[in-house]
Amino acid sequence: MSNKLTVKGCLIVAILIGSLYLIYPNYKWYSKPLAERETLDTLGERPKRMLNLGLDLRGGSSLLLELEVSKLSAKEPLNEAMARAIEIIRNRIDQYGVAETSITKQGDKWIMVQLPGVSNPQRAEELIGKTAMLEFRIVKNDTAEAQQAFEKLEATEKPFDDDGNLLPEIAKFVPAGYQIMRNKDGGYSLVNDKASVTGADLENARVVMMGENGYPEVSFSFNAEGAKKFGQLTGANIGKQLAIVLDNTIQSAPTVQSRITKEGRISGTFSTEEARALAIVLKAGALPAPVKVIEKKTIGPTLGEDSIKSGLSASLYALILILLFMAVYYKAAGVIADIALLLNFVFTVAVMSYFSATLTLPGIAGMILSLAMAIDANVLIIERMREEKRAGKPVYEIISLGYDKAWSAIFDSNITTIIVGACLLQFGTGPVKGFAVTLIIGLLVSLFTAVFVTRAIYELILTSNTKEISL
């Protein structure tokens, strides 16, 4: 055996061992019962480098969000606002503890959020949808104008229009430089129309389980600039109420007892879950504009398990039929092609596991298509070898010429399909991307197995002084 062939053999064996090493955690994890996997997932004991299951296989929830473009700042471009919204939503969900979340931009103003394993999306929906505009404003309820405005508000069934603005007949009683906001516990307050300190000045936020009133509270701290501004605001308004405003609703309005700089608290009748969600959205930052849910889908884990079983069964039957056909029709050469096909599958799953790729039903279709392309490449090679055999060429020339003459057709067909896959990956969304990823990985692997691996096997057979190979 030549040194070159030895190197080829060692490389193939090393890749195979490495692939099996990467695939083993998948087998170990998915062989566990669903309930046990969910428990371990919650505890953060899921292996890092392994194949993840998409929403259609694992079950979970899908939310299509729309960014309210009309409420964006005029200074912020739409593309930048979308990128910031996606990043903020991702940060919130990551802190909330939902694993393997897929967050993608769709169109100009839509965001697709997929939450595998989350069967009740209500809490996550509330978490995502909050704009989390935290503001601090001074309250001024003790004026005659404020009292008149409050009386009008109480007497009017719908004092605000659809855009949240006061009706003109009520707004005329509001003094210049002030505005009316709703209190969380009911009623209204008159506050400054501009906030000198906002959530953008925050450095951190966390939950305090037992606050002064017995309910959980959210403790926050400012950065250096925010501490300076908050110190000026509270120092100039000792004895007055300071409204803590979240998303245009006054959460609480404590009286300023002394100058405060670095830290503060948001109190109220929060539940533990509400306080935790509030701390997350404050820490992650405010959305550039509100988002609304325009589509919501939930897929049960049982349906996902059934999809996996059906997909595996269909793939297994198809694989067995292909292996039998190749072995019967092409004899020894077909068996070598079968070996390459099995290695193609192993290597593809290993690559996807290494990159922690997410497998979906369209992804499985992409993988099957790439396996079909691998078989097609082997068929081209074998048919070329048959032609050379009919021409009476010796066995070593049959193999060499077969690969040389088939290479251009194999390369052209694979590279054009990879280009199509790359376009689908770039411009497609959701399931289309999943199909494209597995297709591209499978095609690249098939070039390696169909050309490099099978040729190494043929060369190994030649070293045994074989006079003929059954084709």
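Thresholds applied
Residues numbered from 1 in each chain as written. Predicted model: local features only at pLDDT ≥ 70, side-chain atom pairs only at ≥ 80, totals over all residues. Heavy atoms only, no water. Pairing = 2+ DSSP bridges. Helix = DSSP H or I, 4+ residues; strand = E, 2+ residues; numbered from the N terminus. Axes fitted to C-alpha atoms, helices over the stretch in contact; angles between N-to-C directions. Salt bridge = Lys/Arg side-chain N within 4 Å of Asp/Glu carboxyl O. Buried < 20%, exposed > 50% of the residue type's maximum accessible area, 1.4 Å probe, protein only. Contact = heavy atoms within 4.5 Å.

**A few points about the sheet that holds strand S10 (residues 217-222)**
And then number 1: Pairing within the open sheet is antiparallel, and its 3 strands lie in the order S9-S10-S13. A strand with exactly one partner marks an edge of an open sheet, and here the two such strands are strand S9 (202-208) and strand S13 (263-266). Sheet twist, expressed as the average angle between the axes of neighbouring strands with direction ignored, equals 25°.
And then number 2: Relative to S10, S9 is paired through 6 bridges, and the arrangement is antiparallel. Within S10, the position partnered with Arg 206 by the bridge is Ser 219.

**Observations concerning the pattern of salt bridges**
Where charged atoms from two side chains of opposite charge approach closely, those side chains can pair.
And then number 1: The tally for this structure, following the rule as stated, stands at 10 salt bridges.
And then number 2: Glu 36 is the partner of Lys 32 in a salt bridge, and the nearest nitrogen-oxygen pair spans 3.9 Å.
And then number 3: The class for Lys 32 is partly exposed, based on a relative accessible area of 23%.
And then number 4: Each of the salt bridges in this network shares a partner with another, and the network as a whole consists of Lys 8, Asp 404, Arg 455 and Glu 459.

**Let's talk about the sheet that holds strand S12 (residues 249-252)**
The strands making up a sheet are joined through hydrogen bonds of the backbone, oriented either antiparallel or parallel.
And then number 1: The 6 strands are arranged S7-S6-S12-S11-S5-S8 in an open sheet whose pairing can be described as mixed. Here the strands that pair on one side only, and so sit at the sheet edges, are strand S7 (188-192) and strand S8 (197-198).
And then number 2: Bridge count for strand S6 (residues 178-183) against S12 is 2 bridges, and the pairing is parallel. Bridging from a neighbouring strand, Arg 182 pairs with Thr 249 of S12.
And then number 3: Contacting S6 and S7, helix H6 (residues 144-155) crosses the sheet at an angle of about 140° to S7.

**Some points on the environment of Glu 145**
And then number 1: By the element assignment, Glu 145 lies in helix H6.
And then number 2: Each C-alpha atom of the pair Glu 145 and Leu 190 lies 9.7 Å from the other, and the pair is 45 residues apart in sequence.
And then number 3: Those residues within four positions of Glu 145 in sequence are excluded, and the remaining contacts are Phe 173 and Pro 175.

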